[in-house]
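# A look at the structure
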Amino acid sequence: MSVHSEIKKVTTKVLADMKARGEKISMLTAYDYSMASVIDQAGMDIILVGDSASNVMAGNATTLPITLDQIIYHAQCVVRGAKRAFVVVDMPFGTTEVGKEEAVKSAVRIMKESGADAVKIEGGEELIDSIRAIIAGGIPVMGHLGLMPQSINQYGSFALRANDDAEAQKLINDALLLEKAGCCSLVLEKIPAALAKKVASQLHIPVIGIGAGNGVDGQVLVMHDMLGINKGFSPKFLRRYANLFDVMTEALQHYISDVKSGDFPNENESY
Ligand code: KIV
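Model, not experiment: these values are computed from the prediction. (Residues numbered from 1 in each chain as written. Predicted model: local features only at pLDDT ≥ 70, side-chain atom pairs only at ≥ 80, totals over all residues. Heavy atoms only, no water.)

Here we come to the site of the ligand. With respect to spatial proximity, the complete set of residues near the ligand consists of Thr29, Leu48, Gly50, Asp51, Ser52, Asp90, Lys120, His144, Glu189, Ile210 and Val222. Within the side chain of aspartate 51, an N or O atom sits 3.0 Å from an oxygen atom of the ligand. For the ligand, whose free accessible area comes to 260 Å², the fraction covered by protein is 94%. Its residues assigned to classes, the shell around the ligand shows three nonpolar, four polar and four charged. (Near = heavy atom within 4 Å. Polar contact = N/O pair within 3.5 Å; in protein donor to acceptor, adjacent residues only side chain to side chain. Areas by Shrake-Rupley, 256 points an atom, 1.4 Å probe, with all protein chains shown as cover. Nonpolar A, V, L, I, M, F, W, Y, C, P; charged D, E, K, R; others polar.)

See the structure below:
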């Protein structure tokens, strides 16, 4: 039996041990009980209740509109389905920036009301007081640097980040600061692979990439993207493992046609 399948529940220590022995970490988003159950039973190490729920569940153009109450609802559903995976919940836009007391209150609400294992926060030095206060409150924090979708209005586009020396150096400084502050892990989004590899080799905490190449300690994707439920989103970094949009459309059209023709339900499907 592999170490992987022996693990009853993934914890911060399990993740740290995986980094130490060079075992890659798998991470995927989920927003509801049923999908979290499937993902958990498939053996995923981390489930992220991402604020990408704002896009893929609610249909918004950005992650900004999702509220604390909404992310807590999604987190509660996911936690009920995840028995083994480590569950991380995004702190919504506006909850960390408002000062450390409010940030701690929001993080405590997420942990207390959902039963999740950690929160994730986009940002570095600018938010370090809030991040330190949350960690001091006993809450594990996963950092998030590089492309931070909550800052999309500042960037003006979803282009590659840290592609010049100044931004790359700030990212390295922020990553070191987050580790020193006590973050349990770090997500790096859409940055050059060489930079992500450099950061992962300098840090002792696990570094999980999305569009950050293969030199990091694990990978994360948005579930709807990798399962091909979103047809219109095809960035270079995305690998589609299924084409569920087409699979589901075929099943739905088959059902519609059976209803219209009177084929469904048949005698065996009736009382
Ligand atoms: O919200 C999300 O899905 C994320 C991932 C893209 C890392 O933050």
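Parsing the protein into structural domains produces domain 1 (4–240) and domain 2 (244–271). Using only C-alpha atoms to locate each centre, domain 1 and domain 2 end up separated by 39 Å. (Domains from an automatic or database assignment.)

So, on to the packing of helix H6 (residues 100–114) against helix H7 (residues 128–136). The N-to-C vectors of H6 and H7 enclose an angle of 45 degrees; their axes lie 9 Å apart at closest approach. Here H6 lies oblique to H7, going by the angle between them. Like other packed secondary-structure pairs, H6 and H7 cross with a definite hand, here right-handed. For the pair H6 and H7, contact is made by Lys100, Ala103, Val104 and Ala107 and by Asp129, Ser130, Ala133 and Ile134, respectively. For the contact of H6 with H7, the residue count by class is five nonpolar, one polar and two charged. (Axes fitted to C-alpha atoms, helices over the stretch in contact; angles between N-to-C directions. Helix = DSSP H or I, 4+ residues; strand = E, 2+ residues; numbered from the N terminus. Parallel < 35°, antiparallel > 145°, perpendicular 65-115°, else oblique. Left-handed = near helix turned anticlockwise from the far one by under 90°. Contact = heavy atoms within 4.5 Å.)

Let us now look at H6. For H6, with 15 residues, the first-to-last C-alpha span of 21 Å sits near the 21 Å given by 1.5 Å per residue. Of the positions making up H6, those classed as buried are Ala103, Ser106, Ala107, Ile110, Met111 and Ser114. For H6, the buried positions fall inside an angular range of 130 degrees around the axis, keeping them on one side. Exposed residues lying more than 90 degrees from the buried face of H6 are Glu101, Lys105 and Lys112. Check the buried side of H6 and you find it contacts helix H5 (68–81), strand S3 (86–90), strand S4 (118–122) and H7. In the segment just after H6, glycine 115 is the residue with positive phi, at about 80 degrees. (Expected span 1.5 Å × (residues − 1). Buried < 20%, exposed > 50% of the residue type's maximum accessible area, 1.4 Å probe, protein only. Arc of directions from axis to C-beta.)

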